[in-house]
Amino acid sequence: MDYEFETLLVEHEDRLLKVTLNRPDSLNAVDGVMHEELEDFFHRVSDDASVGAILLRGAGRAFCAGGDVKSMANSAGDASERSQLELAASFLQSGKRLVTRLLDVEQPLVSAVQGYAFGVGATIALCCDVVVAAEDAVFADTHVGIGLVAGDGGALMWPLLLPINTAKYYLMTGDRITGADAERLGLVVKAVPADQLERTAHEIAARLAA
């Protein structure tokens, strides 16, 4: 199956599919195009019998800094009052679709997290079956910082992975967690030195693909 995207780089390596979020100049923040392409990718890949496992990573200094607030604000600013309501409803539906399609992927998903994994970026990483983080990576659900409750699946994944009161604290405050602390708390399965992240995540993903 061919995967040609504007914001995702997809590479086949035997039965392993390596997928890179590829907006490094924006710390891989998810704009409308990337959101649609992620939805499309997760929807299609489950039917790809040539893929045994998927390695998900981010280009550059971050895994994903969250939603591209600037592009969302520009969209809202260009809309009338009625279309702003429709736009808000569309954001909610597309967020739900993204998480549902990600969780529906049949093959094992491994995420390799460096730098920031904020908001929807944290959700995408944490929805994967195996999460490997650099020790100095930083996780946070940052929706509270713009006056929103945890969205994009954060309210689902954090309480599944952490003790409920710990999850509540981090979702309500937006406080940050390093990769090393995320391993200690059980948010990720492995935290490794940054220079070992790519190799470690690749070895796990290749093993699952085989």
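In this text, all values refer to a predicted model and were calculated from it rather than measured experimentally.

Enquirer: Give a description of the nonpolar core that names residues and reports values.
Expert: As a rule of thumb, nonpolar side chains are buried together in soluble globular proteins. Ranked by size, the top nonpolar core spans 61 residues in total, and within it Phe41, Phe139 and Trp158 carry the most contacts. Contact partners of tryptophan 158, with chain neighbours within four places excluded, come to Ala122, Leu126, Phe139, Ala140, Asp141, Ala167, Tyr170, Leu171, Ile177 and Leu187.

Enquirer: Summarise the packing of aromatic side chains; cite the residues concerned and give the values.
Expert: Applying the stated criterion across every chain, the model contains five aromatic pairs. When the ring of tyrosine 169 is compared with that of tyrosine 170, the centres are 5.2 Å apart and the planes differ by 80°; the resulting orientation is edge-to-face. Here tyrosine 170 falls in the buried class, since its relative accessible area comes to 16%. Following the ring pairs from residue to residue traces out a cluster consisting of Tyr3, Phe5, Phe41 and Phe42.

Enquirer: Talk me through unusual backbone geometry; I want residue IDs and the actual numbers.
Expert: One non-glycine residue with positive phi stands out, namely aspartate 14, at about 55°. Relative to the helices and strands, aspartate 14 resides in the loop between β1 (8-13) and β2 (16-21). Look at aspartate 14 and you get exposed, because its relative accessible area is 75%. For leucine 27, which is not glycine, the phi dihedral falls at a positive 55°. Its place among the elements puts leucine 27 in the loop between β2 and α1 (32-45). Under the relative-accessibility criterion, leucine 27 is labelled buried at 18%.

Enquirer: Could you give an account of helix α8 (residues 197-209), naming the residues involved and the relevant values?
Expert: Taking 1.5 Å per residue as the helical rise, α8 with its 13 residues ought to reach 18 Å, and the 18 Å between its terminal C-alpha atoms agrees with that figure. Taken as a whole, α8 has its buried residues at Leu197, Thr200, Ala201, Ile204, Ala205 and Ala209. Summarising the axial view, the buried residues of α8 lie within an arc of 165°, below the 170-degree limit, and thus occupy one face. Where α8 is buried, its residues touch β2, β3 (53-58), β4 (109-113), β6 (130-134) and β9 (190-192).

Enquirer: Residues and numbers for the sheet that holds β3, please.
Expert: Here we have six strands laid out as an open sheet, ordered β1-β2-β3-β4-β6-β9, and mixed in their pairing. Of all strands in the sheet, those bounded by a partner on one side alone are β1 and β9. Neighbouring strand axes in the sheet, compared pairwise and without regard to direction, differ in orientation by 20° on average. Where β4 and β6 come together, four bridges link them in parallel fashion. What sits directly across from alanine 112, in β6, is valine 132.

Enquirer: Break down the environment of aspartate 47 for me, with residues and values.
Expert: The residue aspartate 47 is located in the loop between α1 and β3 in this model. You can call aspartate 47 exposed: its relative accessible area is 66%. Between the C-alpha atoms of aspartate 47 and glutamine 107, which are 60 residues apart in sequence, the distance is 9.6 Å.

Enquirer: Could you give an account of the sheet that holds strand β8 (residues 177-178), with specific residues and numbers?
Expert: Read from one edge of the open sheet, three strands run β5-β7-β8, paired in mixed fashion. Each having just a single partner strand, β5 (116-118) and β8 make up the two edges of the open sheet. Pairing of strand β7 (residues 138-140) with β8, which is carried by two bridges, proceeds in the antiparallel orientation. Bridging across to β8, phenylalanine 139 finds its partner in isoleucine 177.

Enquirer: Break down helix α6 (residues 164-173) for me, citing the residues and quoting the values.
Expert: Turning to α6, its buried residues are Ala167, Tyr170 and Leu171. On an axial view of α6, the arc spanned by its buried residues comes to 100°, and they lie on one face. Opposite the packed face of α6, turned more than 90 degrees from it, sit the exposed residues Asn165 and Met172. Turning to α6, the residues buried within the fold contact α5 (154-161), β8 and α7 (179-185).

What counts and what doesn't
- Residues numbered from 1 in each chain as written.
- Predicted model: local features only at pLDDT ≥ 70, side-chain atom pairs only at ≥ 80, totals over all residues.
- Heavy atoms only, no water.
- Core = buried A, V, L, I, M, F, W, Y, C linked by side-chain atoms within 4.5 Å.
- Buried < 20%, exposed > 50% of the residue type's maximum accessible area, 1.4 Å probe, protein only.
- Contact = heavy atoms within 4.5 Å.
- Phe/Tyr/Trp six-rings, centres within 6.5 Å; stacked < 30°, edge-to-face > 60°.
- Helix = DSSP H or I, 4+ residues; strand = E, 2+ residues; numbered from the N terminus.
- Expected span 1.5 Å × (residues − 1).
- Arc of directions from axis to C-beta.
- Pairing = 2+ DSSP bridges.
- Axes fitted to C-alpha atoms, helices over the stretch in contact; angles between N-to-C directions.

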